[in-house]
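Spelled out from the first residue to the last, the chains are:
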Amino acid sequence: MPEPSVEPSAELPGETPPPGAAHVSRLADADVSSGLALALGSLPPGGEVSAADTSSMADPVAVNDAPPACTQDVKSAFADAPMRVAPQDAGVPSRAFVEEGRFAFLARAGEVLSSSLDEPTVLRQLVDLVVPGLADWCVVDLVTSAGTVARRAAAHRDPALVPAAYAIAERWPERVDGPTGVSGVLRTGQPFLVPDVPEAHVQAAVAQGDARLAESWRLGCRSVMLVPLEARGRVLGCLSLMSGETERRYGERDLALARELARRAALSLDNALLYGESRQAQARTARLQAVTAALSRAATEDAVAQVLAREVWEASGATRVAVMALEENGGLRPLRMLGYSNEALARLIRPPAEDTFPTARRECQREAGWFSSLEELSRQHPQVAEFARSLGPGARAVVPLWGETRMQGLLLLGWPEPRAFSASERAFLEALAHQCAQALERAALYEALRERTERLRQALVTGDMGTWRVDLGRAKETRDAALNHMLGLPAVDSSSAVGDFLSRLHAEDRPHVEAEFLRHQRQAPSFFELEFRVVRRDGGVRWLHSVGQSFPGPDGQVAYLTGAMADITRRKEAEERLQLLLDASRVLSLRLDDVEQALPEVAKLVANHVATGCLVDLTAPDGTLRRVTAGHRASEHDARLKAALSEPDLGPEHPALQCFASGEVCFLSRPDFKRRDAVSPREEHRLSPTSVLSVPLRARGRLLGVITLFTAAPQRTLVAADVTMVEELALRIGVALENAQLFHDAQSAVRLRDEFLSVASHELKTPLTSLILQHNLIGRSLEVAGMSGAVTGRLATAQRQVLRLTALVDNLLDVSRLSLGKLALERAEVDLVQVTRDAVERLEEVFAQARCPLQVDLPRTLKGQWDALRLDQVLVNLLTNAAKYGAGHPVSVRAGTGADDEAWVEVRDQGIGIDADALPRLFGRFERAVSDRHYGGMGLGLYISRQIVEALGGRIDLDSQPGQGATFTLRLPRQSTPDTRTPPPQDS
């Protein structure tokens with residue numbers, strides 16, 4: 001360091017200052033504050049300095065009015081005189097002493113600055129040389145690779161104030177393109193000098209709010225010099241020297257000394273930068289070699305991405321690194337992420353239509369994207385400005401991973417601060433990316449080879465069918481050409497996102513197939529087998545049978561699923577044909593009385609199962625065809641199809657008419673345009689059928705009609721198997737139509753029988769009534785005559801037979817009334833207890849003859865709205881049955897009220913009982929539970945009783961077991977209820 005006695009600013013007595021120095025020393029007092037503001041890079045609070053104000057400032061041109069070769073003059077002066085130091089007690093030093101001191105200072109500075117090739121060391125030595133010999137405090141600002149200005153070194157006479165010097169740069173940063181101060185020196189490469197700064201003017205500027213000037217004045221700022229650090233034609237930075245002592249003022253010679261010092265420092269700094277770049281190049285070369293070795297051992301995408309992310313993270317200093325794989329559909333899939341949040345990850349892997357990062361999906365662009373700051377990125381790509389800001393400020397880089405054939409993915413980098421990317425750094429990162437892309441291609445080839453081997457094995461196991469594979473880690477599913485052909489897609493191997501195949505499932509099958517797929521994602525290893533429908537690209541539906549297996553990864557979780565699929569459409573079509581025949585038979589059997597009412601449902605079944613539409617035409621009485629019904633998959637076409645056969649311009653080419661005329665099957669598997677027009681001549685009826693089939697409806701050699709099926713795109717065309725199925729369906733329809741006709745004939749015969757029985761019963765009632773009266777008169781005459789004996793006994797027998805015959809006629813009459821729906825009820829208030837007692841009293845002789853002790857347990861009264869005569873008929877039937885089948889055993893009769901104010905009467909015997917299989921038919925017409933050879937009867941009593949009770953709104957319950965008797969319970973509502981029973985159909 002120079003001796004403190006060497007004062008750079010001391011001028012020789014009587015020496016005339018050079019022109020530049022004279023100009024600087026004559027700065028007006030009013031311009032000092034503005035000049036200092038320009039030197040420090042600050043402006044007054046009122047705004048920018050006007051042109052009038054700057055005209056009087058010490059601008060770089062004014063300061064350097066001295067000859068531009070002043071540095072060379074200093075060198076000459078140093079060369080002419082030997083270096084020596086003035087004694088301490090000497091007076092004002094001579095010019096030789098001053099020049100010799102400066103020469104010694106520069107010599108030592110050159111020696112010190114050239115002793116190191118480390119940039120921080122060179123800058124530290126530079127500021128230590130300046131303070132305190134040339135300045136009270138000093139700072140060095142350098143231009144960074146990002147094009148910004150950074151304070152790299154500072155020194156102060158008081159070490160405690162050094163942090164304040166750094167704080168000024170952080171609070172008021174400089175710019176390379178600024179107009180004044182350090183920015184002006186960096187922009188122009190010219191020095192700046194303010195020789196004297198009056199305190200009064202500084203205080204006035206501070207009072208106006210200039211905080212930066214106040215902070216600089218506090219550190220000491222009586223005189224200021226700013227000199228550029230320039231080497232090889234470019235400005236590396238700026239050296240700022242400030243004097244805070246009253247005695248020290250900078251002049252033109254001080255500026256020349258500072259410039260020479262800055263020149264030597266710049267050379268040392270440039271050498272240090274070159275040395276650093278050389279070291280970096282060597283390190284990058286070694287790193288590239290290490291990366292090449294590591295990538296050669298990486299056989300999977302994950303391993304490649306891990307190597308790349310780690311090396312880039314360590315070499316570039318980036319705080320965010322993402323290695324993204326580019327899918328075939330343009331989407332991005334993360335392979336390795338460092339420093340990104342989950343929200344940022346979600347934005348990066350959006351679908352291709354939602355670009356999240358610039359150049360992320362431009363496969364045709366090989367150039368990398370380098371963005372030195374957030375502002376540059378936002379300016380070039382405003383659509384991602386919001387997302388970029390959410391990641392924080394700083395530089396960004398997007399490097400494509402180009403292999404030999406295509407772009408494999410992207411390398412995304414982010415730094416927390418702005419920066420410029422040097423050519424060497426760009427080349428290094430691009431070389432890393434290229435090696436990674438090649439490694440990714442190799443990994444993809446290895447993976448493809450393994451996948452093909454596995455798919456080949458599955459094909460050998462399951463036969464000739466399509467194969468598939470779902471990779472859960474990569475969220476990708478692959479299909480071979482055969483499977484794509486089944487789906488109506490191009491017959492090539494393909495890859496897509498997981499879920500693409502599920503989206504092609506039939507809507508009815510998708511829920512359970514998705515549930516099974518999710519279940520096997522959580523269970524490994526597992527074998528599964530499914531059958532489902534898929535919708536082809538052309539709209540057709542195919543049935544597939546899929547078998548597969550899930551496999552675990554290294555962590556034990558399911559990593560991928562693989563399997564094969566076979567087309568089982570033909571088998572399913574056969575099952576569907578069989579199901580159609582079963583469903584049609586069920587529908588026809590349910591409407592035996594009127595098959596024509598069932599034909600619309602049959603036509604709809606046919607249209608929904610095997611065809612697009614179905615037409616049914618029956619033979620009219622005049623020998624022509626009449627359309628009965630028509631069904632179409634789209635219901636809006638039903639009415640048009642039904643009316644099509646009656647069109648006046650319908651020619652004999654129509655398949656239904658051809659079939660009806662010939663009685664043979666008419667099958668058009670691929671009708672041409674002419675035949676299509678014959679099927680539907682009018683424009684609104686034209687449905688463009690792709691196949692048409694007409695089959696005759698026959699029964700017992702008679703032609704009953706024609707059933708016609710047709711298909712239209714995208715429905716499949718009819719085949720020979722469909723012809724066989726429709727012939728079977730036509731046979732069943734013909735049989736059903738014939739059975740319906742026979743059923744109607746049988747119903748007519750039954751109605752004639754019932755009418756005959758009704759008439760015959762009415763006719764038989766008249767002589768029977770007369771015969772009963774005659775018997776009564778004969779009996780009375782015998783009583784009057786006092787005659788008895790054999791005649792009286794025979795008369796009683798005749799009376800009993802007549803009464804029995806009358807009961808049988810009454811039953812036949814009731815049956816005929818029930819069959820014709822003419823059973824009438826005359827409701828009135830009736831005491832059920834009294835009706836029961838009357839019936840029991842009339843049958844006392846019957847119970848006595850059957851040796852059945854009678855137990856009666858009845859309440860005092862039990863009234864309701866019933867028909868007394870019909871109710872008596874029911875009770876007599878129940879009591880007679882109890883006496884008949886319970887002969888020799890007690891019979892009990894009870895009555896009461898139940899829930900909902902319901903009246904009941906129970907007749908229980910302890911006779912032979914009834915078998916369980918006979919209980920359901922016991923109340924049928926002409927039905928019996930025992931042989932009529934032993935017990936007689938026509939089997940009408942219980943049938944008529946049940947019909948009467950149900951007409952009254954009640955019911956008859958039966959509980960019986962063989963050998964334990966039977967219990968009949970009559971239940972009746974006490975209030976009148978309407979009869980909702982459907983009467984038997986009448987003959988038209």
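Everything discussed here concerns the structure shown above.
Reference entry: report on the structure contained in this document.

Rules and cut-offs
Within any chain, residue numbers begin from 1 and follow the written order of that chain's sequence. With the structure being a predicted model, the display of local features is reserved for residues of pLDDT at least 70 and the display and counting of side-chain atom pairs for 80 or more, all residues being used for whole-chain, interface and lining totals. Side-chain measures were taken over the full set of non-hydrogen atoms in the model, leaving aside hydrogen atoms and water. Strands are runs of DSSP state E lasting at least two residues, helices are runs of H or I lasting at least four, and both sets are numbered from the N terminus onward. Throughout, exposure labels follow a simple rule: accessible area from a 1.4 Å probe, protein chains only, divided by the maximum for the residue type, with under 20% read as buried, over 50% as exposed, and the rest as partly exposed. Every residue pair with non-hydrogen atoms within 4.5 Å of one another is taken to be in contact. Any two strands with at least two DSSP bridges between them are considered paired. Angular values range over 0 to 180 degrees, each being the angle between N-to-C directions of two axes fitted as lines to C-alpha atoms, with helices fitted over their stretch in contact. When an angle is under 35 degrees it counts as roughly parallel; over 145 it counts as roughly antiparallel; between 65 and 115 it counts as roughly perpendicular; any other value is oblique. Helix crossings fall into two classes, left-handed where the near helix is turned counterclockwise from the far one by less than a right angle and right-handed where it is turned clockwise. By convention a nonpolar core is built from buried Ala, Val, Leu, Ile, Met, Phe, Trp, Tyr and Cys residues, the set being connected through side-chain atoms within 4.5 Å. Any pair of nitrogen or oxygen atoms within 3.5 Å is treated as a polar contact; in protein, a donor-acceptor pairing is required on top of that, and neighbouring residues in sequence qualify only through side-chain atoms on both sides. Note on definitions: salt bridges are taken to be side-chain nitrogens of Lys or Arg within 4 Å of carboxyl oxygens of Asp or Glu.

**Notes on the environment of valine 492**
Reasoning step 1: Considering the arrangement of structural elements, one finds valine 492 in the loop between α18 (481-486) and β13 (494-497).
Reasoning step 2: Judged by its relative accessible area of 47%, valine 492 falls in the partly exposed class.
Reasoning step 3: With 12 residues separating them along the chain, valine 492 and aspartate 480 place their C-alpha atoms 6.4 Å apart.
Reasoning step 4: When sequence neighbours within four positions are dropped, the list of residues in contact with valine 492 reads Arg479, Asp480, Ala481 and Asn484.

**Comments concerning the pairing of strand β25 (residues 891-897)**
Reasoning step 1: Most of β25 sits out of view: 5 of its 7 residues are buried.
Reasoning step 2: Note that strand β23 (residues 854-857) and β25 share 4 bridges and pair parallel. Across the sheet, residue aspartate 857 finds its bridge partner in β25, namely arginine 894.
Reasoning step 3: Across 7 bridges, the pairing between β25 and strand β26 (residues 902-909) is antiparallel. Counterpart to serine 892 in the pairing with β26 is arginine 908.
Reasoning step 4: In sequence, β25 turns back onto β26 through a hairpin of 4 residues, with aspartate 900 there showing a positive phi of about 60°.

**What about the sheet that holds strand β10 (residues 407-414)?**
Reasoning step 1: With respect to topology, 5 strands assemble into an open sheet ordered β7-β6-β10-β9-β8, the strand pairing being antiparallel. Strands at the two margins of the open sheet, each flanked by one partner only, are β7 (332-338) and β8 (369-371). Sheet twist, expressed as the average angle between the axes of neighbouring strands with direction ignored, equals 15°.

**A look at the packing of helix α20 (residues 569-590) against helix α21 (residues 595-609)**
Reasoning step 1: Between α20 and α21, the least distance of the axes is 9 Å, while the angle of their chain directions is 165°. The orientation of α20 with respect to α21, classified from their angle, is roughly antiparallel. The way α20 lies across α21 gives a crossing that is right-handed. Seen from α20, the contacting residues are Glu576, Leu580, Asp583, Ala584, Val587 and Leu588; seen from α21, they are Val595, Ala598, Leu599, Glu601, Val602, Leu605, Val606 and His609.

**Describing the sheet that holds strand β15 (residues 541-552)**
Reasoning step 1: Ordered by their spatial adjacency, 6 strands build an open sheet running β13-β12-β11-β16-β15-β14, and the pairing between neighbours is antiparallel. The sheet is open, and its two edges are formed by β13 and β14 (526-535), each paired on a single side. Looking at each pair of strands side by side, their axes are set apart by 25° on average, direction ignored.
Reasoning step 2: As paired elements, strand β11 (residues 466-471) and strand β12 (residues 476-479) share 4 bridges and run antiparallel to each other. Note on β12: the bridge partner recorded for aspartate 471 is lysine 476.
Reasoning step 3: Sheet contacts for helix α19 (residues 510-521): β11, β14, β15 and β16 (558-567); angle to β14, the most-contacted strand, approximately 150°.

**Quick word on the nonpolar core**
Buried together is how nonpolar side chains tend to be arranged in soluble globular proteins.
Reasoning step 1: Counting 42 residues, the largest nonpolar core has Leu832, Leu879, Phe968 and Leu970 as its most contacted members.
Reasoning step 2: Among the elements of the structure, α27 (832-842), α29 (868-885), β25, β26, α31 (941-951) and β28 (966-973) are those that each provide at least two residues to this core.
Reasoning step 3: Ranked by residue count, the leading element in this core is α29, at 7 residues.
Reasoning step 4: Among the nonpolar cores identified, the runner-up in size contains 36 residues, and Phe105, Val130, Leu236 and Leu239 belong to it.

**So, the side chain of aspartate 480**
Reasoning step 1: The topology assignment puts aspartate 480 in the loop between β12 and α18.
Reasoning step 2: At a separation of 3.0 Å, a polar atom in the side chain of aspartate 480 contacts the main-chain amide nitrogen of leucine 483.
Reasoning step 3: Once residues within four sequence positions are removed from consideration, aspartate 480 is found in contact with Arg455, Met465, Gly466, Thr467, Val492 and Asp493.

**What about the pattern of salt bridges?**
Reasoning step 1: Tallied over the entire structure, the rule returns 44 salt bridges.
Reasoning step 2: Of the charged contacts in the structure, one is a salt bridge between arginine 542 and aspartate 567, with a shortest N-O distance of 2.9 Å. With arginine 542 in strand β15 and aspartate 567 in strand β16, this pair connects stretches of sequence that are 25 residues apart.
Reasoning step 3: Each member of the salt-bridge network shares a partner with another, and the members are Glu447, Arg450, Glu451, Arg469 and Arg474.

Bear in mind that shape data such as this cannot, by itself, settle questions of function.
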